[in-house]
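# Structural characterization, general
So you can see what is in the structure, the chains are spelled out below.
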Amino acid sequence: MDVKTYIERLRRIRKLNTENKDYVNRDLYKWLCRDVSFVEAYESIKNNKGALTPGIAKISLEGFGRARINKILAQLKSEKWKPKPARRVLIPKSRKEKRPLEVQGPDEKIVQAIVYRLLEAIYEPIFLDCSYGFRPNRGCHDALKDISQKYDGTVFAIEGDIKGMYNKINHHTLIKIIRMKVADERLISLIWKLLKAGYMEVDNSIIRPEIGTPQGSILSPILANIYLHEFDKYMQIHVTERFKRKKLRTPEAIKLASLTRRLEKEVNKIEKKETEDSKNSKQELLKELKRVKSKSLKVKPYKDPEPRVYFHRYADDFIIGIAGSRNLADSIKTECTNYLMENLQLTLNEEKTKVTNMRKVPAVFLGYEILIHTSEKIKYVYEKGKRPFKKRTTGKFVKLQAPIHTAVNRMHLKGFCNGEGFPTPKRNWTSQEDSQIINLYNSTIRGWFNYYRGCHFQHRLGRIWYILHYSCAMTLASKHKSSISKIFKKHGKALKVQYGSIAQQKSIELVKPIMTEANRKFFTGKDVKDPYSLIFYKTSQTRIFDNCAICGQPAQHMHHINPQRKSKPGTVDYISGLLKRKQIPTCVECHTQIHNGSYQGIALKSLVREDVIKN
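Owing to the predicted nature of the structure, the values given are computational and were not obtained by experimental measurement.

### So, the overall build of the chain
- When helices and strands are tallied, the chain shows 21 helices and 19 strands.
- In the chain, the proportion of contacts linking residues at least 24 apart, taken out of those at least 6 apart, comes to 75%.
- Counting only carbon and sulfur atoms, one obtains 51% of the accessible surface of the chain, whose full area is about 33300 Å².

What follows is the structure in structure tokens.
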């Protein structure tokens, strides 16, 4: 199967599931047993962070090539392929806590990437708009923007958190859900194997869990979304659809509006006559009209609307906005708890799941605080060519703001300030060059301020800027054993640093973000007409089946140029290397020479194709 046929079939699967939400997909396993699917999987993950990290075996994606593809293909066709357990490591969650991460082997990563591409084509068309986590062209800002547009007039919010969701997913329930869309037992059997592969603990013992999806697995996010799609459907059909807004005017407001229209008609009739008596009558009518309009501004314009409910989910966190009573909020929370327990065997975290009155206390979702402002004002409106008139104004009820206290605590954990929020030097960055330190701080500033770019009250972010600004100055001062005042005197307020040779000297300075309401913006995903065009381009440009770029013999391995071990994690060089990493096909002999240092040929970078370098 060539690349074009493979992509066309993916498009076909997506189209069928888009047109018919209940479409059942058959004969999918044979798609796995194609070399082009392995090439597409390899090209999709080769530049990922951690792509070259080995699993329990010493081999990594570094040596992946034609031989490995043929070996896995033969095992998949005979259904004898078995995934090896992952290697479990503990990574820092905070200064005191660590969380487990399971590092998959290279063969397992490739097979998971192939299965992921199939499941994405099947399920992405049927996932609901209320789901935002781990989906293409969707993210946190998409969810927050939708909340800012819909939560006007809401009162209560249910802040939901599913307790240990990834470790609690029931395998039998998950497979039962997948079988509703996939009628291919060979593919189902492969998913079972991937779920049951397990992991190796630090003491080399193998654990094969009966529930949960592998942490750090390529498949884990989409399997979780498939599992919780049932919860999304329940919320849409049985909760949000039950409560739709009906905006009805109060009887008094209707009466005053009718009287206003009648008086305005009479004034228009009198203006056409233009007599002395009519002028007197007009003045009396205008006084009465002014009195009625003034009274209508003080009258409640609408009845209390029917309850409204909005649901947004990002992975295992969700929020439910409710324009209704506290009793309604409590009952919906109970409904959610019962459904998750009875149908998905999941429980809510009682400490984190709570009902919040957003008009008094902010609700927290995706790192933003959500408040409902209820102030109303009556002010004069000045329109060109018209007399000033009074109007009731309320503005936007929904206000999103950055949780500064939480942000300061996070910056303390990262080493930018102490527990009280006073800036401190970033000690582990003092070994870097001055320009590199500025680069690292600029990356941090962009990360923080781009994420909170959509919040109101932008001036509150000045606290974050203050900490990072002075922490950078302190880091430079600590590096050069100087004082902060001398650093500012030398480099200026913007901490401008010169670097490079004398002939080609460059400069870099700390980027100060714009903190104004006019600068508010959400970075949302864009609708892509053809999500497979980029996949087609990457796959068609592969060199995995080419001969050795050095000696011309049949290639067995792909060698990664610019390995990440030569640069420190977190540095600009490291991130740039991830983006620009290129591969060349090599035979086993040449690949061995490269790694043992005996290769004496031309520079490897010159062996990368020009069209690949440009792209």
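Having seen it, we continue.
### Looking at empty space enclosed by the protein
- Per the stated rule, a full pass over the model turns up 5 cavities of 30 Å³ or more.
- Lining the largest cavity, in full, are Gly 55, Ile 56, Ala 57, Ile 59, Lys 84, Pro 85, Gly 105, Pro 106, Asp 107 and Glu 108.

### Topic: the nonpolar core
- Val 115, Ile 226, Phe 231, Ile 320 and Ile 332 are the most contacted members of the largest nonpolar core, which has 139 residues in total.
- Sort the elements by how many residues they give to this core and helix 5 (residues 106-123) lands first, with 10 residues.
- Those residues within four positions of Ile 320 in sequence are excluded, and the remaining contacts are Tyr 151, Phe 156, Ala 157, Ile 158, Met 235, Val 309, Tyr 310, Phe 311, Ile 332 and Cys 336.
- Counting 9 residues, the second largest nonpolar core, distinct from the first, contains Leu 263, Val 267, Leu 285 and Val 292.

### Details of the side chain of Arg 117
- By secondary structure assignment, the location of Arg 117 is in helix 5.
- For Arg 117, a relative accessible area of 12% corresponds to the buried category.
- Here Arg 117 is in contact with Tyr 6, Leu 10, Glu 40, Ser 44, Tyr 532 and Ile 535, once residues within four sequence places are set aside.

### Focus: the layout of surface pockets
- Volume-wise, the second largest pocket comes out at about 1600 Å³.
- Elements supplying a minimum of two residues to the lining of the second largest pocket: helix 1 (3-19), helix 3 (35-45), strand 3 (98-103), helix 5, helix 6 (140-150) and helix 18 (533-540).
- Of the residues forming the lining of the second largest pocket, the biggest block, 6 residues, is contributed by helix 5.
- By residue class, the composition of the lining of the second largest pocket is 17 nonpolar, 14 polar and 19 charged.

### Examining the packing of helix 15 (residues 434-451) against helix 16 (residues 462-479)
- Where helix 15 contacts helix 16, the two axes come as close as 11 Å, and the packing angle between them is 165°. Relative to helix 16, the element helix 15 lies roughly antiparallel. In this structure, helix 15 crosses over helix 16, and the sense of that crossing is right-handed. Residues Asp 434, Ile 437, Ile 438, Tyr 441, Thr 444, Ile 445, Trp 448 and Phe 449 of helix 15 lie in contact with helix 16, whose contacting residues are Ile 464, Trp 465, Leu 468, Ser 471, Cys 472, Thr 475, Leu 476 and Lys 479.
- Considering only residue class, the contact of helix 15 with helix 16 consists of 11 nonpolar, 3 polar and 2 charged.

### A short note on the sheet that holds strand 6 (residues 199-200)
- The strand order 3-2-6-7 describes an open sheet built from 4 strands, whose pairing is mixed. Each having just a single partner strand, strand 3 and strand 7 (206-207) make up the two edges of the open sheet.
- Here 2 bridges tie strand 2 (residues 86-92) to strand 6, and the two strands are oriented parallel to one another. Paired with Ala 86 across the bridge in strand 6 is Tyr 199.

### Structural notes on the sheet that holds strand 10 (residues 354-357)
- In spatial order, the strands read 8-9-4-10; together these 4 strands make up an open sheet with antiparallel pairing. What marks the edges here is a single partner per strand, and that holds for strand 8 (308-314) and strand 10. Averaged over all pairs of adjacent strands, the angle between their axes in this sheet comes to 20°, without regard to strand direction.
- Pairing of strand 4 (residues 156-161) with strand 10 involves 4 bridges; the strand directions are antiparallel. Paired with Glu 159 across the strands is Lys 354, a residue of strand 10.
- Docked against the sheet, helix 6 engages strand 8 and strand 9 (317-323), running at close to 170° with respect to strand 8.
- Against the sheet, helix 10 (residues 220-238) contacts strand 8 and strand 9, and its axis sits at roughly 175° relative to strand 8.

### Brief notes about the environment of Pro 85
- Relative to the helices and strands, Pro 85 is located in the loop between helix 4 (66-77) and strand 2.
- On the accessibility criterion, Pro 85 (11% relative accessible area) is buried.
- Between the C-alpha atoms of Pro 85 and Glu 201, which are 116 residues apart in sequence, the distance is 9.8 Å.
- Excluding anything up to four places from it in sequence, Pro 85 contacts Ile 56, Ala 197, Gly 198, Tyr 199, Met 200, Ile 206 and Arg 208.

### Comments concerning unusual backbone geometry
- Of note, the phi angle at Phe 134 is positive, near 55°, even though the residue is not glycine.
- Along the chain, Phe 134 turns up in the loop between helix 5 and helix 6.
- Assessed through its relative accessible area of 43%, Phe 134 is described here as partly exposed.
- We note that Ala 315 has phi near 55°; this positive angle belongs to a residue other than glycine.

### Re the pattern of salt bridges
- Per the counting criterion, the structure on display carries 19 salt bridges.
- Among the salt bridges present, the one from Asp 107 reaches Arg 68, with a minimum N-O distance of 3.1 Å. Taken together, the residues Asp 107 in helix 5 and Arg 68 in helix 4 connect sequence positions 39 residues apart. There is no split in this pair, since Asp 107 and Arg 68 are both buried.
- Connected through salt bridges with shared partners, the residues Glu 8, Arg 11 and Asp 530 form a single ionic network.

### Observations concerning the side chain of His 312
- In this structure, His 312 sits in strand 8.
- Of the residues examined, His 312 reaches a relative accessible area of 2% and is grouped as buried.
- At 2.7 Å, the side chain of His 312 and the side chain of Asp 146 are in polar contact.
- Not counting residues up to four positions away in its chain, the partners in contact with His 312 are Cys 130, Tyr 132, Ala 143, Asp 146, Ile 147, Tyr 151, Asp 317, Phe 318, Ile 319 and Phe 365.

Conventions we followed
- Residues numbered from 1 in each chain as written.
- Predicted model: local features only at pLDDT ≥ 70, side-chain atom pairs only at ≥ 80, totals over all residues.
- Heavy atoms only, no water.
- Helix = DSSP H or I, 4+ residues; strand = E, 2+ residues; numbered from the N terminus.
- Contact = heavy atoms within 4.5 Å.
- Areas by Shrake-Rupley, 256 points an atom, 1.4 Å probe, with all protein chains shown as cover.
- 1 Å grid on protein atoms, 1.4 Å probe; cavity = no way out; pocket = protein on both sides within 12 Å on 5 of 7 lines; lining within 4 Å.
- Points joined across faces, edges and corners; volume = space filled by probe spheres on them.
- Core = buried A, V, L, I, M, F, W, Y, C linked by side-chain atoms within 4.5 Å.
- Buried < 20%, exposed > 50% of the residue type's maximum accessible area, 1.4 Å probe, protein only.
- Nonpolar A, V, L, I, M, F, W, Y, C, P; charged D, E, K, R; others polar.
- Axes fitted to C-alpha atoms, helices over the stretch in contact; angles between N-to-C directions.
- Parallel < 35°, antiparallel > 145°, perpendicular 65-115°, else oblique.
- Left-handed = near helix turned anticlockwise from the far one by under 90°.
- Pairing = 2+ DSSP bridges.
- Salt bridge = Lys/Arg side-chain N within 4 Å of Asp/Glu carboxyl O.
- Polar contact = N/O pair within 3.5 Å; in protein donor to acceptor, adjacent residues only side chain to side chain.

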